[in-house]
Amino acid sequence: MLLRRLFLHNHISKLPLSLIRSATTNIMACQKLDRSAAEKLISETDNFLFDCDGVLWDGHGAIPGSVDTIAHLKRLGKKVYYITNNSSSSREDYKKKCLKYGFDADVGDIVCTAYVGALYLHNNNFKGKVYVVGNPAMGKELDKFNIKHTGIGPDEMVHEDDNINYSSRVEEWLKTQLDPEVNCVFVGFDPYINYIKILKAASYLQRENCLFLGTNEDTHLPTQGSDIVIPGTGTMVKAVSLPSRKKPLIIGKPETTMFDTLSQANNLDPARSMMVGDRMNTDIYMAKRCKLKSLLVLTGVCTEQDLPLNGVQPKSFEAGIELPDFYADKLGIFGEFIANL
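So, here is what we can say about the structure in this document. (Residues numbered from 1 in each chain as written. Predicted model: local features only at pLDDT ≥ 70, side-chain atom pairs only at ≥ 80, totals over all residues. Heavy atoms only, no water.)

**Observations regarding unusual backbone geometry**
Okay, so step 1: Following Lys253, the chain continues to Pro254 via a peptide bond in cis, the omega torsion being 15°.
Okay, so step 2: Along the chain, Pro254 turns up in the loop between strand E11 (249-250) and helix H11 (257-266).
Okay, so step 3: Positive phi is not limited to glycine here, since Arg245 has a value of about 60°.
Okay, so step 4: When its relative accessible area of 66% is taken as the criterion, Arg245 is described as exposed. (Helix = DSSP H or I, 4+ residues; strand = E, 2+ residues; numbered from the N terminus. Buried < 20%, exposed > 50% of the residue type's maximum accessible area, 1.4 Å probe, protein only.)

**Observations concerning the packing of helix H6 (residues 113-123) against H11**
Okay, so step 1: Contact geometry of H6 with H11 gives a least axis separation of 11 Å together with a crossing angle of 75°. The orientation of H6 relative to H11 falls into the category roughly perpendicular. Residues Thr113, Tyr115, Val116 and Leu119 of H6 touch H11, and the partners they reach there are Thr257, Met258 and Thr261. (Axes fitted to C-alpha atoms, helices over the stretch in contact; angles between N-to-C directions. Parallel < 35°, antiparallel > 145°, perpendicular 65-115°, else oblique. Contact = heavy atoms within 4.5 Å.)

**What to know about the nonpolar core**
Okay, so step 1: In terms of nonpolar packing, the biggest core is built from 31 residues, with Leu33, Phe50, Leu56, Tyr82, Leu295 and Phe334 touching the most fellow members.
Okay, so step 2: When residues in this core are grouped by element, the largest group, 5 residues, is from helix H13 (residues 331-338).
Okay, so step 3: In this structure Tyr82 touches Phe50, Cys52, Leu56, Ile70, Cys98, Phe103, Asp104, Ala105, Asp109, Ile110 and Val111, once residues within four positions along its chain are discounted.
Okay, so step 4: Counting residues in each nonpolar core, the second largest holds 18 residues, with Tyr81, Val111, Met258 and Ala287 among its members. (Core = buried A, V, L, I, M, F, W, Y, C linked by side-chain atoms within 4.5 Å.)

**Here we look at the layout of surface pockets**
Okay, so step 1: Its boundaries defined by the atoms lining it, the largest pocket holds a volume of some 650 Å³.
Okay, so step 2: Taken together, the residues that form the lining of the largest pocket break down as 6 nonpolar, 17 polar and 9 charged. (1 Å grid on protein atoms, 1.4 Å probe; cavity = no way out; pocket = protein on both sides within 12 Å on 5 of 7 lines; lining within 4 Å. Points joined across faces, edges and corners; volume = space filled by probe spheres on them. Nonpolar A, V, L, I, M, F, W, Y, C, P; charged D, E, K, R; others polar.)

**Description of the pattern of salt bridges**
Okay, so step 1: Scanning all chains against the criterion turns up 19 salt bridges.
Okay, so step 2: Taking the shortest distance from any N to any O, the salt bridge between Asp51 and Lys253 comes out at 3.0 Å. Taken together, the residues Asp51 in the loop between strand E2 (47-50) and strand E3 (57-58) and Lys253 in the loop between E11 and H11 connect sequence positions 202 residues apart.
Okay, so step 3: Accessibility expressed as a relative area gives 1% for Lys253, which makes it buried.
Okay, so step 4: Note that Lys129 and Asp179 form a salt bridge whose closest N and O atoms lie 2.8 Å from each other. Taken as a pair, Lys129 in strand E7 (residues 129-133) and Asp179 in the loop between helix H8 (166-173) and strand E9 (182-187) lie far apart in primary sequence, 50 residues in all. Taken as a pair, Lys129 and Asp179 share a single burial class, namely buried.
Okay, so step 5: Through salt bridges with shared partners, a single ionic network connects Lys129, Lys148, Asp179 and Glu181. (Salt bridge = Lys/Arg side-chain N within 4 Å of Asp/Glu carboxyl O.)

**Observations regarding the pairing of strand E5 (residues 79-84)**
Okay, so step 1: Summarising burial for E5: 5 of the 6 residues are buried, a large majority.
Okay, so step 2: Pairing of E2 with E5 involves 4 bridges; the strand directions are parallel. Bridge assignment links Phe48 to a residue of E5, and that residue is Val80.
Okay, so step 3: Across 3 bridges, the pairing between E5 and strand E6 (residues 110-112) is parallel. Within E6, the position partnered with Ile83 by the bridge is Val111.
Okay, so step 4: In this region the chain leaves E5, passes through helix H5 (residues 91-101) and returns to the parallel neighbour E6; the handedness of that crossover is right-handed. (Pairing = 2+ DSSP bridges. Right-handed = clockwise from strand over helix to strand, strands pointing away.)

**As for the environment of Ile193**
Okay, so step 1: As for its placement among the helices and strands, Ile193 is situated in the loop between E9 and helix H9 (195-204).
Okay, so step 2: In this view, Ile193 contacts Val133, Ile198, Met236 and Ala239; residues no more than four positions away in its chain are not counted.

**Some words on the sheet that holds strand E14 (residues 326-328)**
Okay, so step 1: Pairing within the open sheet is parallel, and its 7 strands lie in the order E1-E14-E13-E12-E2-E5-E6. The sheet is open, and its two borders are formed by strand E1 (31-32) and E6, each paired with just one other strand.
Okay, so step 2: Where helix H4 (residues 66-75) meets the sheet, its contacts fall on E2 and E5, and the angle it forms with E5 comes to roughly 140°.
Okay, so step 3: Along the sheet, H6 makes contact with E5 and E6, crossing E6 at roughly 75°.

**Some points on the pairing of E9**
Okay, so step 1: With respect to burial, E9 is a largely interior element, 5 of its 6 residues being buried.
Okay, so step 2: One ladder, built from 5 bridges, connects E7 with E9; its direction is parallel. Looking across to E9, one finds that Tyr131 is bridged to Val185.
Okay, so step 3: Pairing of E9 with strand E10 (residues 211-214), which is carried by 4 bridges, proceeds in the parallel orientation. Looking at E10, one finds that Val187 is bridged to Gly214.
Okay, so step 4: Taken together, E9, H9 and E10 form a β-α-β motif whose crossover is right-handed.

Below you can see the structure in the form of structure tokens.
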């Protein structure tokens, strides 16, 4: 124990004082939401940004209390926006899903990575064709800007003999036909990802000035109550980044592009805006980078074990220096606190 204390003392003493103060302040700043804090947030916040999966709904439908919370905020004259890393739905798809679960939503209230990726290419006057390792929603958003694309859906090489040896298979891979027009690779969630798709994407990225966009680097999807792990889009992005030896421009959280897009379209004041999410390394991290207030709900990826206990920082994967201003077991608790305002 004495050796451990000496080790920690020697290492901490070498850290910059500003970093020690920052980490200590963050640990102390994370507060469980109570009625007083909720009422103060209402008085100081005009714009509420919500992640969707694991915050508003999960695999079973709307999370209890979430629909009422959104309704209370709108009754109080607050602006509500839906901001998601999910690339497998277009903005129109998300509007339909919101309405299906009882959330009032317009297309202009929704920011998803498929849309922002297409908008980024449009705003940068992109000419050429996009190789999409992704899904039909990404294609829909690219189509709206008349951006040519290819790659969506299954892509399998046909093998007459499954017992073909490794050397012959390499020879076959080296004969892969590449589209001469492609000068951008856009990676999102792709349930059909396989070796040939990775091969093509990495090969296109060897071309000079070929853009590399990724919708997000989420590790897995929220599946509370199940022991099944559903790999997230980060799986696909890393699979292309590693062999290509290129780093992607990430569109989604925790990068600031999503909030920047929303802010520019709606003239949002960061000081009067709050992000509500279920992940510290995406939702809360983006909030901190954009100088937004933040609320973590424990109905998705993060649990209470990811938060500091008695000032001690946990060592879980989701835990980090960037902690939320507030946390609550579920969004409905916030709704209960503001229901009679």
